[in-house]
Amino acid sequence: MGYNRQDMTEYNPQAIEQKWQQRWRDSRAFEVTEDPSKPKFYCLEMFAYPSGHAHVGHVRNYMIGDVMARTKRMRGFNVLHPFGWDAFGLPAENAAIKNGIHPRTSTLANIAHMKGQLERLGISYAWEREVATCLPDYYKWNQWLFLRMFERDLAYRRRSTVNWCSSCQTVLANEQVVEGGCWRCHTLVTHRDLEQWFLRITHYADELLSAIDGLEEWPEKVLTMQRNWIGRSEGARVRFPLVDPTGIGASADIEVFTTRIDTIFGATFVLLAPEHDLLERLAAESEDPAAMRSAAARFRRQDRSARLTGDVEKEGFSTGRFAINPFTGQHVPIWVANFVLGEYGTGAVMAVPAHDQRDFEFARKYGLPVRVVIQPEGDGAAALEAPTMTEAYSEPGRVVDSGDYTGLWSADAIRIMAEKAERRGIGQRTVQFRLKDWGISRQRYWGTPIPIIQCPACGLVPVPDDQLPVELPAVAEFTGRGDSPLASVAEFVDVPCPRCGGPARRETDTMDTFVDSSWYFYRYCDARNDAQPFDPAAVAYWAPVDFYSGGVEHAILHLIYSRFFARVFRDLGMVNHAEPFTRLLTQGMVHKDGVVMSKSKGNVVDPDDMIAKYGADALRLYVMFVAPPEKEVEWTDAGLEGAFRFLMRVWRIAQQWQDTVASAPPVAGLEGELTGAERALRRKTHDTIRRVTQDLDPRVHLNTVVSALMELVNELYQFSDQHTAAGAPARRADGQAPAERPGTKAVLREAVEALILMLSPFTPHLAEELWERLGRQGGIVFAPWPAFDEAVARADEVVIPVQVNGRVRGRVTVPADSSEDAIREAALADPAVAAHLAGKSVVKVIVAKGKLVSIVIK
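Residues numbered from 1 in each chain as written. Predicted model: local features only at pLDDT ≥ 70, side-chain atom pairs only at ≥ 80, totals over all residues. Heavy atoms only, no water.

## Quick look at the overall build of the protein
This is how the line gets drawn: The helix count covers DSSP runs of H or I at least four residues long, the strand count covers runs of E at least two residues long, and both are numbered beginning at the N terminus. The rule is simple: take the accessible area with a 1.4 Å probe, protein chains only, and divide by the maximum for that residue type; under 20% is buried, over 50% is exposed, in between is partly exposed. A contact between two residues is defined here by any heavy atoms of the two lying within 4.5 Å. Computed by Shrake-Rupley with a 1.4 Å probe, the accessible areas treat only the displayed protein chains as cover when residues are assessed.
Of the regular secondary structure elements, the protein holds 27 helices and 32 strands. Across the 858 residues that make up the protein, the buried fraction comes to 57%. In the protein, of all internal contacts separated by at least 6 residues, the share reaching a separation of at least 24 is 74%. Carbon together with sulfur atoms contributes 50% to the accessible area of the protein, which is approximately 35000 Å² in total.

## Digging into the pattern of salt bridges
Between side chains of opposite charge, pairing is possible as soon as their charged atoms come close. So the rule is basically this: A pairing counts as a salt bridge when a side-chain nitrogen of Lys or Arg comes within 4 Å of a carboxyl oxygen of Asp or Glu.
A full pass over the atoms with the stated rule returns 52 salt bridges. For Arg157, the salt bridge goes to Glu507, with nearest N and O atoms at 3.7 Å. Of this pair, Arg157 sits in strand β3 (residues 155–165) while Glu507 sits in the loop between β22 (503–506) and β23 (510–511); the two residues are 350 residues apart in sequence, bridging distant segments of the chain. For Glu507, a relative accessible area of 3% gives the class buried. In this structure, Glu753 and Arg776 form a salt bridge, with 2.4 Å as the shortest nitrogen-oxygen distance. Of this pair, Glu753 sits in helix α23 (residues 742–759) while Arg776 sits in the loop between α24 (764–773) and α25 (790–793), placing them 23 residues apart in sequence.

## Notes on the packing of aromatic side chains
Using the following cut-off: For Phe, Tyr and Trp, rings pair up if their centres lie within 6.5 Å, where Trp contributes its six-membered ring, and each pair is then called stacked (planes under 30 degrees apart), edge-to-face (over 60) or tilted (otherwise). Here, over-ring charges are defined by two tests on the NZ atom of lysine or the CZ atom of arginine: distance to the ring centre within 6 Å, and angle to the ring normal within 35 degrees.
Using the criterion set out here, one finds 46 aromatic pairs in the structure. Each ring, one from Phe88 and one from Trp446, has its centre 4.9 Å from the other, and the planes form 85°; the classification is edge-to-face. Highlighted residues: Phe88 in the loop between β2 (78–80) and α3 (90–99) and Trp446 in the loop between β18 (441–442) and β19 (452–455), separated in sequence by 358 residues. Sitting above the plane of the Trp24 ring, Arg70 keeps its charged end 4.8 Å from the centroid. Positioned above the aromatic ring of Phe198, the side-chain terminus of Arg158 is 4.1 Å from the ring centre.

## Quick look at empty space enclosed by the protein
What counts, and what does not: A pocket here means an open set of points on a 1 Å grid, computed over the protein atoms alone, that has protein on both sides within 12 Å along at least five of seven lines. A cavity is instead a set of points where a 1.4 Å probe fits but cannot get out; residues with an atom within 4 Å of a point line either one. Grid points are joined across faces, edges and corners, and a volume is the space filled by probe spheres set on the points. Residues are grouped as follows: nonpolar covers Ala, Val, Leu, Ile, Met, Phe, Trp, Tyr, Cys and Pro; charged covers Asp, Glu, Lys and Arg; every other residue, Gly included, is treated as polar.
Throughout the structure, instances matching the rule amount to six cavities of 30 Å³ or more. Estimated volume of the largest cavity: approximately 160 Å³. Around the largest cavity sit 17 residues that line it, and Gly89, Leu90, Arg442, Asp512 and Thr513 are the ones nearest its centre. Elements with a minimum of two residues in the lining of the largest cavity: α3, β4 (170–172) and β23. Counting residues per element, the lining of the largest cavity draws most heavily on β4, at three residues. Residues of the lining of the largest cavity, tallied by class, amount to six nonpolar, six polar and five charged.

## Things to note about the sheet that holds strand β1 (residues 40–45)
As a reminder of what qualifies: In this description, strands pair whenever DSSP reports at least two bridges between them. The axes used here are C-alpha line fits, helices contributing only the stretch in contact, and every angle between their N-to-C directions lies in the interval 0 to 180 degrees.
Taken together, the four strands give an open sheet; going across it, the order is β2-β1-β24-β25, and neighbouring strands pair in parallel fashion. For this open sheet the edge positions go to β2 and β25 (584–586), each flanked by a neighbour on one side alone. Sheet twist, expressed as the average angle between the axes of neighbouring strands with direction ignored, equals 15°. Taken together, the three bridges between strand β24 (residues 547–550) and β25 define a ladder with parallel strand orientation. Bridge pairing in β25 places Tyr548 opposite Leu584. Against the sheet, helix α2 (residues 56–74) touches β1, β2, β24 and β25, its axis set at about 170° to β1.

## A closer look at the sheet that holds strand β20 (residues 459–462)
Within the open sheet, the four strands sit side by side as β20-β19-β22-β21. Their pairing is antiparallel. Where the open sheet ends on each side, the last strands, each with one partner, are β20 and β21 (494–496). Neighbour-to-neighbour, the strand axes of this sheet turn through a mean angle of 40°, independent of strand direction. Across three bridges, the pairing between β21 and β22 is antiparallel. Of the residues in β22, the one forming a bridge with Asp494 is Arg505.

## A few points about the nonpolar core
We count it as follows: The nonpolar core is taken to be a set of buried Ala, Val, Leu, Ile, Met, Phe, Trp, Tyr and Cys residues, with the residues joined through side-chain atoms within 4.5 Å.
If you look at the biggest cluster of nonpolar residues, it comprises 192 residues, and the most contacted ones within it are Trp85, Phe146, Trp438, Tyr522 and Trp635. Once you skip the residues sitting within four places of it in the chain, Trp85 turns out to touch Phe47, Ala48, Pro50, Ile111, Met114, Lys115, Leu118, Trp127, Glu130, Val131, Ala132 and Thr133. Counting 38 residues, the second-largest nonpolar core is a separate cluster that includes Val238, Leu272, Leu279 and Tyr393.

## Description of helix α17 (residues 607–614)
The condition is simple: What the arc measures is the spread of directions leading from the helix axis to the C-beta atoms. Pairs of N or O atoms within 3.5 Å make up the polar contacts considered here, provided that, within protein, one atom can donate a hydrogen while the other can accept it, and that residues adjacent in sequence are counted only when both atoms are side-chain atoms.
Those residues of α17 that fall on the buried side of the exposure criterion are Pro607, Asp608, Met610, Ile611 and Tyr614. All buried residues of α17 lie within an arc of 160° about the axis, which places them on one face of the element. α17 presents Ala612 and Lys613 as exposed residues on the side facing more than 90 degrees away from its buried surface. Looking at the buried positions of α17, the neighbouring elements they touch are α1 (13–27), α2, α4 (103–120), α18 (616–625) and α19 (637–656). Put simply, Asp606 is the residue that caps the front of α17, since its side-chain oxygen is 2.8 Å from the backbone nitrogen of Asp608.

## Concerning the packing of α17 against α18
A packed helix pair is summarised by two numbers, namely the angle formed by the two axes and the spacing between the axes. At a closest axis distance of 7 Å, the pairing of α17 and α18 adopts a crossing angle of 115°. On α18, the residues that touch Pro607, Met610, Ile611 and Tyr614 of α17 are Ala616, Ala618 and Leu619. When the residues that make up the contact of α17 with α18 are grouped by side-chain class, the tally is seven nonpolar, no polar and no charged.

## Quick word on unusual backbone geometry
Cis peptide bonds are those with omega within 30 degrees of zero, and the linkage from Leu468 to Pro469 qualifies with 0°. The amide bond that connects Ala543 to the next residue, Pro544, takes the cis arrangement and shows omega of 0°. Inspection of the secondary structure assignment puts Pro544 in the loop between α15 (536–542) and β24. A positive phi is found at Asn805, a non-glycine position, where the angle reads about 50°. Summarising the element assignment, Asn805 is placed in the loop between β29 (797–804) and β30 (807–815). Classification of Asn805 as partly exposed rests on a relative accessible area of 46%.

## Things to note about the pairing of strand β11 (residues 316–324)
Strand direction decides the pairing type here: β11 and strand β12 (residues 331–337), joined by six bridges, are antiparallel. Bridging across to β12, Ile324 finds its partner in His331.

## A closer look at the confidence of the model for the protein
The following threshold applies: Every residue is assigned a pLDDT by the predictor, reflecting its confidence on a scale from 0 to 100.
Mean pLDDT for the protein: 89, with 93% of residues reaching 70 or above. Across residues 1–8, where pLDDT falls below 50, the model places 21 contacts with residues more than four positions away in sequence or in other chains. Predicted confidence for residues 725–739 stays below pLDDT 50, and this span has 20 contacts to residues more than four positions away or in other chains.

## Some remarks on the environment of Val243
Locating Val243 in the fold gives a position in strand β8 (residues 232–243). Residues Val243 and Pro498 lie 255 residues apart in sequence; the distance between their C-alpha atoms is 50 Å.

Shown next as structure tokens:
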């Protein structure tokens, strides 16, 4: 049942919003199927973790996506805009330990609450495609994909030194260690040796890196972060034999990776990472094993990213042992340094202090030798001398003091020396990546069970496909204190081997929850398929995602993993592309009281409270208007109140001209009869459509869109004031509109309709209500986007506002090509402006051509 002017003359956002949300649900307005006759647009916001309550920081990301989805739908695209829940993970499990609530119970309750919040915001989600990763109908396909990867040796198990969070009681991938702490709880990370499952992401390392150059619609900062994390280096591995403690012979090899083998004659010591496998042996054979172990442990506790970049104070200690430089035959001391990482290269470095800045600083600090083996050449290049050097020379040059290689250029020396190392059997050319295989084993309950059975006779046996999903059993104890809680559930663990039928044990680790979020965007394309993860034909229509928005904090973890999974699915023949996301937008965070809004800081603003006070449309509009999407914003309730007042102005102007617009003729055919004021309003309308269309897509300058719409509303009010000032009230006493001239009615119809249509992606409930009140049928969701006429938008005349001491006191209509002097004269001659200048002294007149005249008076 619709509302009419009699039962709703005032703007009541809560009633309007409930009405239209129900109508959208009843009509399935946002549900779609594949339609080859239309261009498709797949719009997606990053997976939501169901933490219980969304705050306005979340709302900002979801609104960006909704504005884009609604705009594209109006522009004729078949739009897929789904939503779902990244529902496994440690927060729910930790809450279960603390409060005694089963993770499934708390997670599903949180999903229900957050879904209600999003529905009250009026977001155009295709809810029939909703997924939750904690349900078996989703995680069954995690297991299915794991088995396909296991068959192809992309999933494997090995013993490894891993990152361990003592608070979360689980392993962390390298990417999940932030500044030396757990990415979730910030607890200092330690290390353990455990049997772990890995996914061989390094199989695609070269492709993941080279394809970055083709991601033309991703933020450059994200691409830089990915390039740095993958970290490709061409060089050579060279073996430095470890000298036996007796000084006779060699008892092991220390393999180093170097990109500058041309400097190996200048390698005067070897540096080991505090994580290096050899270190325990060296400690055990030392005079004070405890001291060496303690010093290494202290280095390992330091911030990992700072160690990698060299931003920590460089520290080290001597092991008291020596290695043999295989090119010089000399014994060089072995040290441990905090800026060498175990997971980068081989965890060992040949230190060439004359030609590497970090090695140089370390050598000067500890009095280690510096030997120059590369000399710069060129105009003004002075010869380097080790005693007088104040910094390392790291550029190429002429090789010196390097035996048979002396006199070569660096590039030639690198090639020849690497070949010589291979012929001698002391090294080989190689490509090294910083990226390591992804450890996915987690010793927690609330995650996808790994579908492997360990049989004493058959080894690692995959669970047959027809026995998937391997479901999580119900448990009461969620902490395994280092072992998976599943290990204590005998009926889950003890199973027959699928191959030989003998007694066997099920794998008790669960998968890293980033597995869930690495392919969910494909499941949305065919969310109810119970025969396979998705129909390849459905994904071929919808994918890749055309517009993806979310936080920059996912630049490494989620986005690299998703790119990896896309390639796995491609090689399985299930998708026809390698990159899952065409365009990426990383929105800025919302701050309150100067810090990022979060529950842990107690500074969240609940959207339900704001909706109850101002309505969803005001909230939607404000979060889009406050700043460009990529920028951080500081939340203020005052800004939200300003958005509400603006919507009140839109409501009033639309109500004022409702009957006129409903019955007005189209402007076509009347152009030659328009007055100057009518032409000015029409020009403003078309110019606004042009600006808004371009700022929405491709620019996504959503705040400037709102500014442009506010300008159009101001223009409508000015036109309305002029109309009533001419003696033609907008409504007579009986409520009926007067019989305006056809040109007035036509330009008002064009302007008001365009305003409502352009507002609809931002304030869809208000727009739907006003559209219906104008007598337009079918709902604004399905209305076409307004078109603009370039000639009209850039008409010969422009209307320029005139400010006096910062307040708009009038507007002048002048030819578009007017000079600044002509615009200044017209502004000073305007009657309304002249009235404000009477008796005052004009200090200066500033003309922003085509935009504004600002007059300063005493």
